[in-house]
There are 4 protein chains.
Amino acid sequence: MKHGKKPVILINYKTYAEATGRKALILTKEIERVALDSYAYVAVAPQFADIRMIAENTELPVFAQHVDPIEEGSNTGHVLASCIKEAGAVGTIINHAEKRLRIADIEKIIKICKKHELICVACANTPGVSASLSTLSPNYVAVEPPELIGGDISVSVAKPDVVKGAVDAVKRVNKGVGVLCGAGVKNENDVYRALALGVDGVLLASGVVKAKKPGNVMADLLKGVEKYLKEGLR
Amino acid sequence: MKHGKKPVILINYKTYAEATGRKALILTKEIERVALDSYAYVAVAPQFADIRMIAENTELPVFAQHVDPIEEGSNTGHVLASCIKEAGAVGTIINHAEKRLRIADIEKIIKICKKHELICVACANTPGVSASLSTLSPNYVAVEPPELIGGDISVSVAKPDVVKGAVDAVKRVNKGVGVLCGAGVKNENDVYRALALGVDGVLLASGVVKAKKPGNVMADLLKGVEKYLKEGLR
Amino acid sequence: MKHGKKPVILINYKTYAEATGRKALILTKEIERVALDSYAYVAVAPQFADIRMIAENTELPVFAQHVDPIEEGSNTGHVLASCIKEAGAVGTIINHAEKRLRIADIEKIIKICKKHELICVACANTPGVSASLSTLSPNYVAVEPPELIGGDISVSVAKPDVVKGAVDAVKRVNKGVGVLCGAGVKNENDVYRALALGVDGVLLASGVVKAKKPGNVMADLLKGVEKYLKEGLR
Amino acid sequence: MKHGKKPVILINYKTYAEATGRKALILTKEIERVALDSYAYVAVAPQFADIRMIAENTELPVFAQHVDPIEEGSNTGHVLASCIKEAGAVGTIINHAEKRLRIADIEKIIKICKKHELICVACANTPGVSASLSTLSPNYVAVEPPELIGGDISVSVAKPDVVKGAVDAVKRVNKGVGVLCGAGVKNENDVYRALALGVDGVLLASGVVKAKKPGNVMADLLKGVEKYLKEGLR
C-alpha cells in the first residue's frame, strides 16, 4: 500500500481514551476491516507507545503524531525519528494545532524525515502557513482551521475557501507537495466535498475515533472517496 | 521488585543510538543479567515507542522519560500517562534538564502520576529547585547539575555539596520524598560516594548506555551499592 | 513608599488597550490621585515599553510584568532585569498564568531579582504551586486560580479555601514570603475578605483597568484595606 | 528617512550591557553622528524598556527586537505591537535565533505588523527557512547562520553560498520581500561583500555594540555601502 496515487484518509488517534493501548488496537482492526484494499490510502496515527503494537498487528500504514527536531544523542523525553521508524511507523504528522513547532525546527524535522524515509504531513492553520510550509517540501501539508478541530462541521463544508485557498497557495509555491484538509470531517459528503475542492485527502480524528461504530463511519468516508473517483472517471 | 527499600539505579536511555529499538532490548537484557535480584532497584527508561517491547521482555521495572500534563482527550503528539502505564511503564522521569517543564505543569503531572500509580522522578538542577519540587510530593527528586550531564566526572565526586545540599533541603521540606543524584555517574566509587552523601540512589545514562560492556559497568555500579550497604550493616 | 508594612494592591496593566502608552499614563495618574499616602502599598505594572515613562511621571512604585532568566549578553528579544530596573521598575511579576515559566528559570529569575534589588512577585495557580515557589524565596507569592482570572467573582469570595490554603502552605514552608491573591478582585468587600483570609495584599487587573472610573474603583479597594486595618486596631 | 531605497544596516542591541539604558542612548547618539544622512538606512533595535527614550532622542529609525502574536487584551508579560509603535518604534525584528517562533505565530505577527504599519524583519537560519518566511510577506527576511552569530567571521565571507542561496530562494518565492544577512558582520569588506551577493542590507550586533569606538566601526560599515553603490553607478 503506497500513498501518492490514492486519496489519503489519515486518522489521528490523539490521546483519546478510545484510542489508547488495547483499545487502539481494537479500533485499528475495525478500521482495517473496511479500509484495506479500498479506494483510499487509509493510515492511522496512534500514540508513540502504541506504534509498535499497532504496526505489528495491522497492514494499514502507521504514522506517529509528532517527531522532534533531533538526531541520536542526549535528548531525554524527545521523539526520535529513527526510533518510531524502527517501531513500524512509515510517516508522521508534525506541527499539529495541538503541538505547534518553530519554523527552524520544522525545516529540520522535514530533513530528518527525508533521511529516514518517513512520510511527513505538516499541519497548517491557514492557507498562508500552508504555502509557507510547502516551500520546505514535506510530503503533505494538512490545513486545519483550529476553530473547527473537534467540532461537528467539516472544514470542507464550513470553510471551502480555506481549503481551496490552501490548495491554490501550495500548488503555486511547490507542486510536489500534496494537500490534505482536516477539522470536523465526519461523513461521505465531507470527504467528497474536500476532494472536489482539490485536496489529496483528509485528516480526521474524533469523527472516527469517538464514533459508536468506527467501522461504519470509515465505510461512509470511503463512499465519499469512491463517489469522487467515479465521477472523475466519467 | 519494589522501589523504596533498595537503593535505586535508574538508567536513562535518552535517544542514544545504542539504546534505540532492537539495541535497547539487547542493552536491557544485558543490564538485567547482572541487575536482577541485586542489592539495588535497577530500572531502565527507554524511549516512548520502545516501552512496551522492553517491558514485555524484561523483569526490570521500566520508566518513561517524560509524560505530559494532560489526560485523555485532544492532545496530538503528547505523552499520556495512562498510555505509557498500559504499555508497561511503572514510573516516569520528568523535568529532565533536556525537557524542562513549567512549575504548574509539574504539579499537574505529579497528580496524574499518583492517580495512575506511576512512580515519579522529578529532576532538578540545583538544591533549591530540589526543595521546590519536593513540596509537590513526587516519589523522588533527582538532582543533576546540567554542566556535569554527559561528562566524565561524577556529581558525587565533583560536587558533593550540591548532592548533600539537595538531600538536606528536600528532607527539611518533605521527608516523604526520596533523593537521587545524577550526572557523570560511571563506576563503583561514584555510586558509593553518592549513597554516602545520603541519596536514595542514582540516575545515569551514558555511563552505562555508551559503555563498551554495559553489563560490566552495571556490575561495577552494583558493587558500589553493595559496599555501601555492607558498611551500614557493621 | 515601601512594601512590607502596608497591604499591597498591585495593578497589572496586561496589554489592555486602556493601559497602553499615553492611556497607561492617564490611568496611572488617576490611580495615583487616590492611592498616594493611602493605607496600602499601591503599585502599577505597565508594559515594558511604558515602564520608563510611567516611572518618570508617578510616585507610585512601578513593576514589570515579567523578566527573563538572563543576564547581560546575547539575548535578542528578552527582558533584562537591569534594563527594567534602570527604566524605573522597583519590582516585577513573574510566572503569571499568561506567562508561565519553567521551575529552573524561576529560581534563576528570583536570584537575579535579589541581585538587582527588584521585588519579585511570583504567581501560582494553586496552594501547592504557591508552597513550591515559596521555597525559592521570592518576596511574594500571588495565588490566582486561572479559571477566575478576568472574571466577575473574586477569588476571596469564590474560593476562600484556595486563598487560605495558599497562606497556610506558604507560611509552613517559608515564613519570609508574603502572600497575595488575585483573580476577579473588584471592590471593597473583595479586598477586605482577602485580607481577612490572611493575605498581605491583592493582585488585580481588569477590575481597575477596564473600569469606567478607575479612580473610584481604586478608592473602593482602599476602603477594604482601611476597614480591615481598623478592625485589627480595635 | 525611509527604508526601501537605501541599503539597510540594522543594529541589534540585544541585552548587551553596553547597550542598556543610558548606555544605549550614548551608543545611539554615537551611531547617529556618523549615520544620519548617509548612503544607508541605519536603524537601531534597543530593548523594549529603552525604545521610547531612544526614539525620543534620535532621528534614526528605532526597531523592537521582538513582538508577540497578540492584540490588546489579557496577555501579561507580552509585547504588544501597538505599544512599541506608540513608544516610537517603526519596525521590529522577529524570530531571531535567540527568540525562535512558531510558524503560525509568525504569520499572525506579520499581519499585526502590517495593520500597525511596522516594518517587519523576520530572521531565518537557512535559505530554506528564508524562502518559507518570504511567503508570509514580511518586509525583510534576514538570514543568519546561528553558528556565526556573535563570532568574528562575517557570513558574507564565510558562507557566501548561504547568503546567495537565501537571496535566490526568496526572490523565487516572493520578489516583494527584501533580504538582509547577518552574523559576524564587522567591517567595510563584510558589508561590501554582502551587498555584492545581492542582499538589501545587513543585520549586526556585537560588531558595533561591543566595539571600543562604535562610531568608527559604523563609519567603516558605511564605507562598504558607499563602495558598493559607487561601483554600481559606473
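Residues numbered from 1 in each chain as written. Chains lettered and ligands numbered in written order. Predicted model: local features only at pLDDT ≥ 70, side-chain atom pairs only at ≥ 80, totals over all residues. Heavy atoms only, no water.

(A) Highlighting the pattern of salt bridges. Scanning all chains against the criterion turns up 39 salt bridges over all chains. Here E147 of chain A makes a salt bridge to K159 of chain A, at a shortest N to O gap of 2.7 Å. Pair noted here: E147 of chain A is in the loop between β6 (140-143) and α6 (155-158) and K159 of chain A is in the loop between α6 and α7 (160-173), with a separation of twelve residues, a long-range link. Of the charged contacts, one joins E32 of chain B and K29 of chain B as a salt bridge, the two residues approaching to 2.8 Å between their closest N and O atoms. Here E32 of chain B and its partner K29 of chain B are both found in helix α1 (residues 22-35), three residues apart, which amounts to about one turn of the helix. Its relative accessible area of 10% is what places E32 of chain B among the buried residues. (Salt bridge = Lys/Arg side-chain N within 4 Å of Asp/Glu carboxyl O. Helix = DSSP H or I, 4+ residues; strand = E, 2+ residues; numbered from the N terminus. Buried < 20%, exposed > 50% of the residue type's maximum accessible area, 1.4 Å probe, protein only.)

(B) Main features of the arrangement of the chains. Looking at chain A next to chain C, you find no contact at all, with the nearest C-alpha pair sitting 16 Å apart. Between chain B and chain D there is no contact; the minimum C-alpha to C-alpha separation amounts to 16 Å. (Contact = heavy atoms within 4.5 Å.)

(C) Summary view of the interface of chain A and chain D. Taken together, the 18 residues of chain A in the interface contact 18 residues of chain D. When the two sides are added together, the surface that chain A and chain D hide from each other amounts to roughly 1300 Å², 65% of it contributed by carbon and sulfur. Among the residues of chain A in contact with chain D, R102, I103 and E107 of chain A are the three that bury the most area, contributing 34% of the side total. Taken together, the links from chain A to chain D amount to zero salt bridges. Run the count over chain A and chain D and you get nine residue pairs in polar contact (both at pLDDT 80 or more). The set of elements that each furnish at least two residues to the side of chain A that touches chain D consists of α4 (103-115) and α5 (127-134) of chain A. At five residues, α5 of chain A tops the list of elements feeding residues into the side of chain A that touches chain D. Split by residue class, the side of chain A that touches chain D holds nine nonpolar, six polar and three charged. (Buried area = accessible area lost by both parts, 1.4 Å probe. Polar contact = N/O pair within 3.5 Å; in protein donor to acceptor, adjacent residues only side chain to side chain. Nonpolar A, V, L, I, M, F, W, Y, C, P; charged D, E, K, R; others polar.)

(D) A look at unusual backbone geometry. All names here are of chain B. Look at N95: it is not a glycine, yet its phi comes out positive at around 60°. Even without being glycine, S137 reaches a positive phi, approximately 55°. The topology assignment puts S137 in the loop between α5 (127-134) and β6 (140-143).

(E) Region of interest: the relation of the copies chain A and chain D. For the pair chain A and chain D, the relating rotation is 180°, the translation along its axis is 0.0 Å, and the fit reaches an RMSD of 0.0 Å. What the superposition gives is, in effect, a two-fold axis relating one chain to the other. Considering only C-alpha atoms, the part of chain A nearest the rotation axis is R102 of chain A, at 1.9 Å. In this assembly the copies share their binding face: 100% of the residues contributing to the interface of chain A also contribute to that of chain D. (Least-squares fit on C-alpha atoms with pLDDT ≥ 70 in both.)

(F) Highlighting the pairing of strand β8 (residues 201-204) of chain B. All names here are of chain B. Side chains of β8 alternate between two faces, with G201 and L203 and V202 and L204 buried alike. Examined bridge by bridge, strand β1 (residues 8-12) and β8 share four bridges and lie parallel to one another. By the bridge assignment, L10 is partnered in β8 with L203. Two elements, strand β7 (residues 178-182) and β8, share three bridges in a ladder whose sense is parallel. Paired with L180 across the strands is G201, a residue of β8. (Pairing = 2+ DSSP bridges.)

(G) Region of the structure containing the relation of the copies chain A and chain B. Under the fitted operation, chain A is carried onto chain B by 0.0 Å of movement along the axis and a turn of 180°, and the coordinates agree to an RMSD of 0.0 Å. When the interface residues of chain A are mapped onto chain B, 100% of them again fall at the interface, so both copies present the same face.

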